[in-house]
Amino acid sequence: MNETNEHQPTHHVPRARHAFDVKMNDGATIHVRQHGIPGAPRIVLSHGNGLAIDGYFPFWGPLRERYEVIVFDFRNHGHNPLHTAEGHTWVNFVADMDVVWHAINRELGRKPAAGLFHSLSGVTAAMHALKYGRRFDALVLFDPPVYPREGHPIQYLQQSDKDSLASRAARRPERYKDPMELAKQFGRRFKRWVPEAYELMARATLRHDHTSGDWILACPREYEAQVFSSGANPDLWPQMAHCPVPVKLVCGDPTLEEVMPPALIGRAMAEELGLPYEAIAGTSHFLQIERPAECLRALESFLAPLGLAAPVTL
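The structure presented is a predicted model; accordingly, all values stated were derived computationally and were not measured. Within any chain, residue numbers begin from 1 and follow the written order of that chain's sequence. Since the coordinates come from a predicted model, pLDDT governs what is reported: local features require at least 70, and pairs of side-chain atoms require 80 or more to be given and counted, while whole-chain, interface and lining totals use all residues. Hydrogens are left out, water is left out, and the side-chain values use all remaining heavy atoms of the structure.

**A word on the overall build of the chain**
Link 1 in the chain: We count a stretch as a helix when DSSP gives it H or I for four or more residues in a row; a strand needs E for two or more, and each element gets its number in order from the N terminus. Helices and strands together make up the secondary structure of the chain, namely 10 helices and 11 strands.
Link 2 in the chain: Overall, the chain is about 50 × 45 × 40 Å in size when its C-alpha atoms are taken along their principal axes.
Link 3 in the chain: Evaluated residue by residue, the chain yields a buried proportion of 58% over its 314 residues.
Link 4 in the chain: Here the contacts in the chain between residues at least 6 apart in sequence split such that 74% fall between residues at least 24 apart.
Link 5 in the chain: A 1.4 Å probe and the Shrake-Rupley method give the accessible areas. Residues count as covered only by the protein chains that appear here. Summed over its atoms, the accessible surface of the chain is roughly 13000 Å², and 53% of this surface lies on carbon and sulfur atoms. Working definition: with a 1.4 Å probe on protein chains only, accessible area under 20% of the residue-type maximum means buried, over 50% means exposed, and in between means partly exposed. What makes two residues a contact is simply this: any of their non-hydrogen atoms within 4.5 Å.

Structure below.
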């Protein structure tokens, strides 16, 4: 959570057990935090475009009781200082993930780890595995909007959705008098989130501007729009068949009337490539903060046979 104002937040993320900063290849900084039990199985989490991992606390917070939980925000998001717009690219996101992976092992000791990544970070994790090989020992990708291969009928839907998201991101309000203003916006738009997620995500995605007293977007709207506009790589979809890491897709419900393209992409890609896949009934693209318990069950059913799940305590 970013800096607090004079009002005590109703929902907050507890202080990390250990935290450290990591310098990227071009000088950007990523703040890494360790929660949970150091001797337990390790899981590493990050977030979607324009968001921040603290907003997913309803999902990963309970995992601290049985796992070593490592969380980090992508460059220019959440806890991280602002860096250049020129460096806010998919190429750098992939390189950053490798730098962060090495830093985690250097700082906290090398051991098996599963990567649990949503949307932007999910696509990045897939690209990272294909470029660098087996770093994480398993990947659970939540509703990753992998751009459809050439000729697939969903490609038009995904391109239209990307264009729409980029346009909306570019028009987002840049500042708020209080984080609860943004929380209320989230509440009006995303009806399925668990109640505490609205305030958590608002505080996670804003930072306090001491000069004006306002709260401003941690990830500038131009940066968010730039990511939605770029990254249309139709080659990633077929390459996923050769991912060097065990991977499961856990996706939103493709049968919802207001379904978004990533849920359709996950189902189609899994069927075509034979990837492990599960849809969480009644959820949208934000499934982890809509049905966190069901998402946990879906990921542990995949990690347990790989020896990467924590024992269930009764």
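This is not the end of the story, as more comes after the structure.
**A look at helix H7 (residues 221-229)**
Link 1 in the chain: Those residues of H7 not exposed but buried are Tyr223, Glu224, Ala225, Val227 and Phe228.
Link 2 in the chain: One or two steps after H7, the chain reaches Gly231, where phi turns positive at roughly 80°.

**Section: the sheet that holds strand S4 (residues 68-72)**
Link 1 in the chain: At least two DSSP bridges between two strands are needed for those strands to be called paired. Spatial ordering of the open sheet is given by S1-S2-S4-S3-S5-S6-S10-S11, a layout of eight strands whose pairing is mixed. Both edges of this open sheet fall to strand S1 (18-23) and strand S11 (277-279), since each of them pairs with a single strand only. Geometrically, the sheet is characterised by an average inter-axis angle of 20° between neighbouring strands, direction not taken into account.
Link 2 in the chain: Two elements, strand S3 (residues 42-46) and strand S5 (residues 113-118), share five bridges in a ladder whose sense is parallel. Counted as the bridge partner of Val44 is Gly115 from S5.
Link 3 in the chain: Lines are fitted to the C-alpha atoms to define the axes, a helix being fitted only along its stretch in contact, and any angle between axes, read from their N-to-C directions, falls within 0 to 180 degrees. Taken strand by strand, helix H2 (residues 90-108) contacts S1, strand S2 (29-36), S3, S4 and S5, and its axis lies near 135° from that of S1.
Link 4 in the chain: Sitting on the sheet, helix H10 (residues 292-303) is in contact with S5, strand S6 (138-142), strand S10 (247-251) and S11, with an inclination near 155° to S6.

**Here's the deal with unusual backbone geometry**
Link 1 in the chain: The phi dihedral of Asn76 is positive, around 65°, even though this residue is not glycine.
Link 2 in the chain: With respect to the element layout, Asn76 can be found in the loop between S4 and H2.
Link 3 in the chain: Owing to a relative accessible area of 1%, Asn76 belongs among the buried residues under this scheme.
Link 4 in the chain: The residue Asp143 is not glycine, and still its phi comes out positive at about 50°.
Link 5 in the chain: Assignment of secondary structure puts Asp143 in the loop between S6 and helix H4 (154-170).
Link 6 in the chain: Assessed through its relative accessible area of 1%, Asp143 is described here as buried.

**Quick notes on the packing of aromatic side chains**
Link 1 in the chain: Pairs were defined over the aromatic rings of Phe, Tyr and Trp, the Trp ring being its six-membered one, requiring ring centres within 6.5 Å. Orientation was assigned from the angle between planes: stacked under 30 degrees, edge-to-face over 60, tilted for the rest. For the coordinates displayed, the defined rule picks out 13 aromatic pairs.
Link 2 in the chain: Seen from their ring centres, Phe72 and Phe117 are 6.5 Å apart, and the 65° between their planes marks the pair as edge-to-face. Taken as a pair, Phe72 in strand S4 and Phe117 in strand S5 lie far apart in primary sequence, 45 residues in all. Note on accessibility: Phe72 and Phe117 belong to one class, buried.
Link 3 in the chain: On the basis of an interplanar angle of 40° and a centroid distance of 5.3 Å, the ring pair of Phe186 and Trp193 is categorised as tilted.

**Concerning the pattern of salt bridges**
Link 1 in the chain: Within this document, salt bridges are pairs made up of a side-chain nitrogen of Lys or Arg and a carboxyl oxygen of Asp or Glu, the two lying within 4 Å of each other. Counted by the stated rule, this structure contains 20 salt bridges.
Link 2 in the chain: Of the charged contacts in the structure, one is a salt bridge between Asp209 and Arg175, with a shortest N-O distance of 3.7 Å. Residue Asp209 is found in the loop between strand S8 (206-208) and strand S9 (215-217), and its partner Arg175 is found in strand S7 (residues 175-176); the two are separated by 34 residues along the sequence.
Link 3 in the chain: Note that Lys177 is salt-bridged to Asp214, the shortest N-O span being 2.9 Å. Of this pair, Lys177 sits in the loop between S7 and helix H5 (179-189) while Asp214 is found in the loop between S8 and S9, placing the two residues 37 residues apart along the sequence.
Link 4 in the chain: For Lys177, a relative accessible area of 58% puts it in the exposed group.

**Considerations on the packing of H5 against helix H6 (residues 197-205)**
Link 1 in the chain: Their axes nearest at 8 Å, the elements H5 and H6 cross at an angle of 130°. It follows that H5 is oblique to H6 by the angle criterion. The two elements H5 and H6 cross, and the hand of that crossing is right-handed. Mapping the contact onto sequence places Pro179, Met180, Leu182, Ala183, Phe186 and Gly187 in H5 and Tyr198, Glu199, Met201, Ala202, Arg203 and Thr205 in H6.
Link 2 in the chain: When grouped by side-chain class, the residues that make up the contact of H5 with H6 number eight nonpolar, two polar and two charged. Roughly parallel refers to an angle under 35 degrees, roughly antiparallel to one over 145, roughly perpendicular to one between 65 and 115, and oblique to any angle outside these ranges. Crossing handedness follows the turn of the near helix against the far one: under a right angle anticlockwise gives a left-handed crossing, and clockwise gives a right-handed one. Put simply, Ala, Val, Leu, Ile, Met, Phe, Trp, Tyr, Cys and Pro go in the nonpolar bin, Asp, Glu, Lys and Arg in the charged bin, and everything else, Gly too, in the polar bin.

**Brief notes about the state of the cysteines**
Link 1 in the chain: When two cysteine sulfur atoms lie within 2.5 Å, the pair is treated as a disulfide. Scanning all chains against the criterion turns up zero disulfides.
Link 2 in the chain: You can see Cys243 has no disulfide; the closest cysteine sulfur is in Cys251, sitting 14 Å from it.
Link 3 in the chain: The thiol of Cys295 is unpaired, and the distance to the nearest cysteine sulfur, on Cys251, comes to 10 Å.

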